[in-house]
Amino acid sequence: MNSSRTKLAAICFLTIACVTCSLAQQPPEDASLSAQASAAYDAKDWAKSAALYEKLTQAHPEIPRLWFRLGTSLQELGQLDRALAVYQKALTAGAPPPYADYSIATVFAQRNELEKAFEHLAKAMQAGYNKPEQLTSDPYLETLRSDARFAKLIEQANRNLKPCAYTAENRQFDFWVGEWNVETTNGAIAAGQSRIEKTLADCVILENWQSNGNPYSGKSYNIYNSALKRWEQFWVDNAGGNIFFYGNLKDGVMDYWTDELPQPDGSKLKRHLQFFALGPDKVRQFSQGSADNGKTWNIEYDFTYIRKK
């Protein structure tokens, strides 16, 4: 069994683990049979694995993992017709469609039924399949790779893996990403260091702040909320502070606001936080606060981020 197929099986089994745990509640003879089947499967003793999983699927047809492993064993034995039928049963029993359709596609590719292979790969993509590296390395798909459609499948798998990387709104705040020395805009006094990075499949812009000369540090999590069509930032720090901002990119400026929020001294404070891209290597961060719901504003801080070389 090639390594990419092993990884696919592992992902599929983890995804449906809650269903498979029902085996642990079965009689001891079923648990013993399951252990033997698993050992044979891990040892790539496909004939024994197929025979044992055949028995287990008869006893527990509701468990998709058993059908999936039986299908894999039959495919490795070259029993492609039976493998197709079994993968379909795995799908009916609840196996995740991205992986079941992918496996069905590999069988059709082995049978040189290329149109059906592409059909099921397309279904896998539509269901969220997101393993581009497997597409490019799986030997069962070798006959498909010269077809122009295959490159589009790889692109779709990449998009499924990192959807935010391909969405224009999610990339609006990328100008802040980098390693920065931070100083006051007026006077150029060193204020801190900040590492801004993309994380969680490029969906989140993560700020890591450390002040100069004192232990104050904090992080902010910035994400485009596609439902509300706005950017949101949640700031937390090592002093127990937290602030929630929301806003949008306007005229090239990331424009964040808070609601009017109660403060520890009993007052209320509304904040306006802006980020100005001043070229590829400089960003200005400007924060103002208002104690009268926006009638008047006071500067809280004014920083310039200078990209480290």
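Just so it is clear, the structure is predicted and the values come from calculations on it, not from any experiment.

## Comments concerning the state of the cysteines
Then, number 1: Taken as a whole, this structure holds one disulfide when the rule is applied.
Then, number 2: The disulfide that involves Cys 164 links it to Cys 203, with 2.0 Å between the sulfurs. Measuring handedness by torsion sign, the sulfur bridge of Cys 164 and Cys 203 sits at about 90 degrees and is right-handed. Of this pair, Cys 164 sits in the loop between helix H10 (148–161) and strand S1 (178–184) while Cys 203 sits in the loop between strand S2 (190–199) and strand S3 (204–211), and the two are 39 residues apart along the sequence.

## A look at the packing of helix H6 (residues 80–93) against helix H7 (residues 97–110)
Then, number 1: Axis separation between H6 and H7 bottoms out at 10 Å; the angle between their running directions is 165 degrees. It follows from the interaxial angle that H6 and H7 lie roughly antiparallel. Note that H6 runs across H7; the crossing there is left-handed. Residue-level inspection shows Leu 80, Ala 83, Leu 84, Tyr 87, Gln 88 and Leu 91 of H6 in contact with H7, the latter providing Pro 97, Ala 100, Asp 101, Ser 103, Ile 104, Val 107, Phe 108 and Gln 110.
Then, number 2: Tallied by class, residues from the contact of H6 with H7 come to ten nonpolar, three polar and one charged.

## Structural notes on the nonpolar core
Then, number 1: One finds Leu 121, Tyr 129, Leu 135, Leu 141 and Leu 144 to be the most contacted residues of the largest nonpolar core, which totals 42 residues.
Then, number 2: Secondary-structure elements contributing two or more residues to this core are helix H3 (28–42), helix H4 (46–59), helix H5 (64–76), H6, H7, helix H8 (114–126) and H10.
Then, number 3: The residues contacting Tyr 129, other than those within four sequence positions of it, are Pro 98, Tyr 99, Tyr 102, Ala 124, Gln 134, Leu 135, Ala 157 and Asn 160.
Then, number 4: With 22 residues, the next largest nonpolar core counts Phe 175, Ala 191, Trp 235 and Ile 243 among its residues.

## Some words on the pairing of strand S6 (residues 242–250)
Then, number 1: Across six bridges, the pairing between strand S5 (residues 230–237) and S6 is antiparallel. Considered in S6, the bridge of Gln 233 is made with Phe 245.
Then, number 2: Turn length for the S5-S6 hairpin, with the two strands adjacent in sequence and antiparallel, is four residues, and the turn residue Gly 240 shows positive phi of about 85 degrees.
Then, number 3: For S6 and strand S7 (residues 253–257), the ladder comprises five bridges, and the chain directions are antiparallel. Paired with Gly 247 across the bridge in S7 is Tyr 256.

## As for the environment of Asn 225
Then, number 1: Within the secondary structure, Asn 225 is located in strand S4 (residues 217–225).
Then, number 2: Counting along the chain gives 66 residues from Asn 225 to Ala 291, while the straight-line C-alpha distance between them is 28 Å.

## Some points on the layout of surface pockets
Then, number 1: Here the largest pocket is characterised by a volume of approximately 490 Å³.
Then, number 2: Lining the largest pocket are 23 residues, with Tyr 216, Trp 235, Asp 237, Ile 243 and Arg 271 positioned closest to its centre.
Then, number 3: Mapped by element, the contributors of at least two residues to the lining of the largest pocket are S3, S5, S6, strand S8 (261–262), strand S9 (268–277), strand S10 (282–290) and strand S11 (298–307).
Then, number 4: A total of four residues in the lining of the largest pocket trace back to one element, the largest contributor, which is S11.
Then, number 5: Among the residues forming the lining of the largest pocket, the class breakdown is twelve nonpolar, seven polar and four charged.

The rules behind these values
Residues numbered from 1 in each chain as written. Predicted model: local features only at pLDDT ≥ 70, side-chain atom pairs only at ≥ 80, totals over all residues. Heavy atoms only, no water. Disulfide = S-S within 2.5 Å. Helix = DSSP H or I, 4+ residues; strand = E, 2+ residues; numbered from the N terminus. Axes fitted to C-alpha atoms, helices over the stretch in contact; angles between N-to-C directions. Parallel < 35°, antiparallel > 145°, perpendicular 65-115°, else oblique. Left-handed = near helix turned anticlockwise from the far one by under 90°. Contact = heavy atoms within 4.5 Å. Nonpolar A, V, L, I, M, F, W, Y, C, P; charged D, E, K, R; others polar. Core = buried A, V, L, I, M, F, W, Y, C linked by side-chain atoms within 4.5 Å. Buried < 20%, exposed > 50% of the residue type's maximum accessible area, 1.4 Å probe, protein only. Pairing = 2+ DSSP bridges. 1 Å grid on protein atoms, 1.4 Å probe; cavity = no way out; pocket = protein on both sides within 12 Å on 5 of 7 lines; lining within 4 Å. Points joined across faces, edges and corners; volume = space filled by probe spheres on them.

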